[in-house]
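Here's the letter readout for the chains.
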Amino acid sequence: MGSCHSSLQSKEAVSRCKARRRYMRELSEGRQAFAAAHSLYLHFLRSTGAALLQFANAEAHLHVLSPLPQPPPLPPPRHASPPPPPPPPPPLSPISDSWTSTVTASPILPPPPPPPPSSSAWDFWDPFAPPSSHSVTEEEWEEAGATISEVNAAPATTPPPCVISGFSKDAAVELAVVTVPRGKKNFSEIVEELDEYFVKASETGRKVSVVLEASSCGSAASNHGISGKMSSYCKSFNPLILSWSSSPRAAALSSFRDSREEMSRVSHSCTIEKLYAWEKKFYLEVKNCERTRQEKEKRQSLLRRQEANGGDFFKVQKNKREIERLESKLMVYCQAIETTSTEIVRLREAELFPQLLDLVNGLMCMWRGMYECHQVQTHIVQQLQYLNNPSSTIATSELHRQATLQLEAEIGNWYSAFCNLIKSQRDYIHAITGWLRLSLFQCQHDPLDRNHQNSEIYGLCEEWQLALDRVPDKVASEGIKSFLTVIHAIVIQQAAEHKLKKRSDSAFKELEKRSKELRSLERKYGPYSSEGYGDNASRSPVMEKKAKVDALKTKAEEEKTKYEKSSGITRAMTLNNLQTGFPNVFQAMTGFSSVCAQAFSAVYNHQRTSNISLNFTKMLT
């Protein structure tokens, strides 16, 4: 029996159907993973912006990171209109362009540093090369304590305006050049703008969420074990800010829009589950058909031997009747296979194909929107270089330390969610392409293959998979990771400052305790008494205690000085790290989003062109 089963499984038709069933199971699981990863990525975009805003508000309470005093702005030309809010970025640059070009909006802007030589076929500017003049190690911070203000001083002249070229989706509308004044905002105001575009970026994925039927952010996080400790910590922390995305009204409106769109389409998950059910049925029918065919062939071989050897008449007739029964059974199985195969083709062409087209279109729009948002954020963070951080020794508050820890956690979640988003999409499209390859391109003698060769869905998915394999996700993920490293360095410095604070507080507490003891002795013996130890005046309890108190006072003052110096280092490091870290992450995400938008646009437009050509050919024939 085991040998027969092994022989049966080795049959090409059965093994292919088994592989098709496995790919469809992977697709069912992959859609769920892709939907959850997509939902979580949008969620952590919003929560990263919210954590940044909370961090900025905590920093603002220290009265630092304020803009440099600027001379009165020049009056605008008479023909100029008042500057609007930051506009959308310029159109996407070609894929072969370097990322530096995507963040340089106008020749008026200061020229960017020359990009390092790149061996990548994508010709990207590497935003993660170690900065030259802004990187300071811990040892150098000790020496730089006295020159903090010089390190972070900005030019005294009025900074040039930031010129951003906006564009309209209507090709007939000319590009608008808008002047956005620089150096006018403090740190909190800059981060408020960043947070606004984090929220807008998360909104760009709504169409993809509808197609994938991604659950709400809270549910997705809960299902993946993220909402427990982290979410409760975030909610119970400090309500300095509330992200727009957390508002009940926003959630209700988004849910209402999504539900209306979902009702107007066939459910993608339902289509996949139906295909999975039909594939399981198809596998069983093909397996039973092959088993019946093998049994029929054995009976026919036995019949030939019986007739050749003059076998018993009744046994021969019985064998013939069994062969006829098997032939009837085989015919039923073949009809069932034909019916099942037809239904699979119908679901594939009528439901799955349009859904995949919608998904590619949604991904194209999403990454174009992400590109626009991250491009604006790239321009916004340029204002950080005009912030002034004087040689301040204001201490880091406990609220600020917790805000920094939360920011570090949220950026870490953003990094993990980005990596999972790319991986889950690759697994998803790999499962689809593998299933299509087996179901569309059967062996030449397969009678069910006659209508499958001209399907267009495989071309779409193959282009999709190739495009996804080429996108430089490592560069983007390293951009987020580098920003995480920058924030972690601030966390480490704050921890060192907090440790020195505890030592300083402990020293002054000990000083206060010994001072009370000294005052008590002075009340008992007098402030200059030499009594208490007979003729040995040097062992006077008052003088002895006074010497100890003086030593403790010196130690306490030293600890206080170290603590204040550490606070100044923290303030300088915070601004320095943000000035070097912010541009990297947004340049990386701008470049990646640009590539993705163009890649999905090419896939979608290629498919549309193929459809038009095919329809034209059909009309001619």
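Residues numbered from 1 in each chain as written. Predicted model: local features only at pLDDT ≥ 70, side-chain atom pairs only at ≥ 80, totals over all residues. Heavy atoms only, no water.

**Points about the pattern of salt bridges**
Using the following cut-off: Whenever a carboxyl oxygen of Asp or Glu lies within 4 Å of a side-chain nitrogen of Lys or Arg, that contact is scored as a salt bridge. Labels follow the DSSP assignment, with helices taken as runs of H or I lasting at least four residues and strands as runs of E lasting at least two, numbered in each case from the N terminus. Think of it in three bands: with a 1.4 Å probe and only protein chains considered, a residue is buried below 20% of the maximum accessible area for its type, exposed above 50%, and partly exposed in between.
Scanning all chains against the criterion turns up 24 salt bridges. Note that Arg-20 is salt-bridged to Glu-279, the shortest N-O span being 2.7 Å. Note that Arg-20 is positioned in helix α2 (residues 12-60) and Glu-279 in helix α11 (residues 268-309), a separation of 259 residues in sequence. The same class applies to Arg-20 as to Glu-279, namely buried. The residue Glu-517 makes a salt bridge to Lys-545 at a minimum N-O spacing of 2.7 Å. In this pair, Glu-517 sits in helix α15 (residues 473-525) while Lys-545 sits in helix α16 (residues 541-620), placing the two residues 28 residues apart along the sequence.

**Here we look at the environment of Ala-13**
Definition in use: Note on contacts: a residue pair qualifies if any of its non-hydrogen atoms lie within 4.5 Å across the two residues.
Along the chain, Ala-13 turns up in helix α2. Residues Ala-13 and Val-286, spaced 273 residues apart in sequence, show a C-alpha to C-alpha distance of 7.2 Å. Not counting the four nearest positions on each side in its chain, Ala-13 is found in contact with Val-286 and Glu-290.

**Focus: the side chain of Arg-401**
As for its placement among the helices and strands, Arg-401 is situated in helix α13 (residues 398-440). On the basis of relative accessible area, Arg-401 is assigned to the buried category, the value being 17%. Non-local contacts of Arg-401, meaning those with residues more than four positions away in its chain, are made with Thr-396, Gln-494 and His-498.

**Description of the packing of aromatic side chains**
We describe a pair of aromatic rings using the distance from one ring centre to the other and the angle between the two ring planes. The cut-off we apply is this: To pair, rings of Phe, Tyr and Trp, with the six-membered ring standing in for Trp, must have centres within 6.5 Å; the planes then decide the type, stacked if under 30 degrees apart, edge-to-face if over 60, and tilted in the middle.
Taken as a whole and judged by the stated rule, the model has 12 aromatic pairs. Relative to Phe-418, the ring of Tyr-41 has its centre 6.0 Å away and its plane inclined at 55°; by these criteria the two rings are tilted. With Tyr-41 in helix α2 and Phe-418 in helix α13, this pair connects stretches of sequence that are 377 residues apart. Note on accessibility: Tyr-41 and Phe-418 belong to one class, buried. Ring geometry for Phe-313 and Phe-314: centres 5.7 Å apart, planes at 75°, overall edge-to-face. Through pairs of rings, three or more aromatic residues link up here, namely Phe-198, Trp-414, Phe-483, Phe-582 and Phe-586.

**Digging into the packing of helix α12 (residues 313-380) against α13**
How two helices sit against one another is set out by the angle between their axes and by the gap between those axes. As a reminder, the rule being used: For every element, the axis is a line fit to its C-alpha atoms; helices are fit only across the contacting stretch, and the angle between N-to-C directions ranges from 0 to 180 degrees. Should an angle lie under 35 degrees it is considered roughly parallel, over 145 roughly antiparallel, and from 65 to 115 roughly perpendicular; all remaining angles are considered oblique. For any pair of crossing helices, the crossing counts as left-handed if the nearer helix is rotated counterclockwise from the farther one by less than a right angle, and right-handed if it is rotated clockwise. Side-chain classes follow a simple rule in which Ala, Val, Leu, Ile, Met, Phe, Trp, Tyr, Cys and Pro form the nonpolar group, Asp, Glu, Lys and Arg form the charged group, and the remainder, Gly included, forms the polar group.
Direction vectors running N to C along α12 and α13 enclose 150°, while the axes themselves pass 13 Å from each other. Comparing their axes, α13 and α12 come out roughly antiparallel. In this structure, α12 crosses over α13, and the sense of that crossing is left-handed. The segment α12 lies against α13, with Ile-344, Arg-348, Leu-352, Leu-356, Leu-359, Leu-363, Met-366 and Trp-367 engaging Phe-418, Leu-421, Gln-425, Tyr-428, Ile-432, Trp-435, Leu-436, Ser-439 and Leu-440. Here the contact of α12 with α13 is built from residues that sort into 14 nonpolar, two polar and one charged.

**Considerations on the nonpolar core**
What counts, and what does not: What is meant by a nonpolar core is a set of buried Ala, Val, Leu, Ile, Met, Phe, Trp, Tyr and Cys residues, joined one to another through side-chain atoms within 4.5 Å.
Counting residues in hydrophobic clusters, the biggest one holds 102 residues, and the most contacted among them are Tyr-41, Trp-367, Trp-464 and Phe-582. Core analysis: the second largest hydrophobic core is formed by seven residues, Ala-507, Leu-521, Val-542 and Val-549 among them.

**A look at the packing of α2 against helix α6 (residues 187-203)**
Relative orientation of the contacting elements α2 and α6 amounts to 170°, with a least axis distance of 8 Å. What the angle tells us is that α2 and α6 run roughly antiparallel. Partitioned by chemical class, the residues of the contact of α2 with α6 number 13 nonpolar, five polar and four charged.

**A closer look at α6**
Keep this limit in mind: Multiplying one less than the number of residues by 1.5 Å gives the expected span of a helix. The term polar contact refers here to a pair of N or O atoms within 3.5 Å; inside protein, the definition further demands a hydrogen-donor-capable atom paired with an acceptor-capable atom, and it admits residues adjacent in sequence only when both atoms are side-chain atoms.
With 17 residues, α6 should reach 24 Å at 1.5 Å per residue; the first-to-last C-alpha distance of 25 Å fits that figure. Of all 17 residues in α6, 12 are buried; the element is thus mostly enclosed. Every buried residue belonging to α6 is among Phe-187, Ser-188, Ile-190, Val-191, Glu-193, Leu-194, Asp-195, Tyr-197, Phe-198, Val-199, Ala-201 and Ser-202, and all of these are buried. In this structure Asn-186 caps α6, since a side-chain oxygen of it lies 3.2 Å from the backbone nitrogen of Ser-188.

**Some words on unusual backbone geometry**
Residues other than glycine predominantly adopt negative phi, and peptide bonds predominantly adopt the trans conformation. Of note, the phi angle at Glu-213 is positive, near 55°, even though the residue is not glycine. Its place among the elements puts Glu-213 in the loop between α7 (206-212) and α8 (217-223). Glu-213 sits in the partly exposed class, given a relative accessible area of 24%.

**Regarding the confidence of the model for the protein**
In regions of low pLDDT, the predicted coordinates are not meant to be interpreted in detail. The following threshold applies: Per residue, pLDDT measures the predictor's confidence, with a range of 0 to 100.
Chain-level pLDDT for the protein is 74 on average; 63% of the residues reach the 70-or-more range. When pLDDT is averaged over each helix and strand of the protein, the minimum, 33, is found for helix α5 (residues 148-152) and the maximum, 95, for α13. Segment residues 69-83 is flagged for pLDDT under 50; beyond a separation of four residues in sequence, or across chains, it makes eight contacts in the model. The low-confidence segment residues 97-136 (pLDDT under 50) makes 73 contacts with residues lying over four places distant or belonging to another chain.

**Let's talk about the side chain of Asn-577**
Mapped onto the elements of the fold, Asn-577 is located in helix α16. A relative accessible area of 10% means that Asn-577 is categorised as buried. Side chain to side chain, Asn-577 and Asn-576 meet in a polar contact 3.5 Å long. Excluding anything up to four places from it in sequence, Asn-577 contacts Val-486, Ala-489, Ile-490 and Phe-582.

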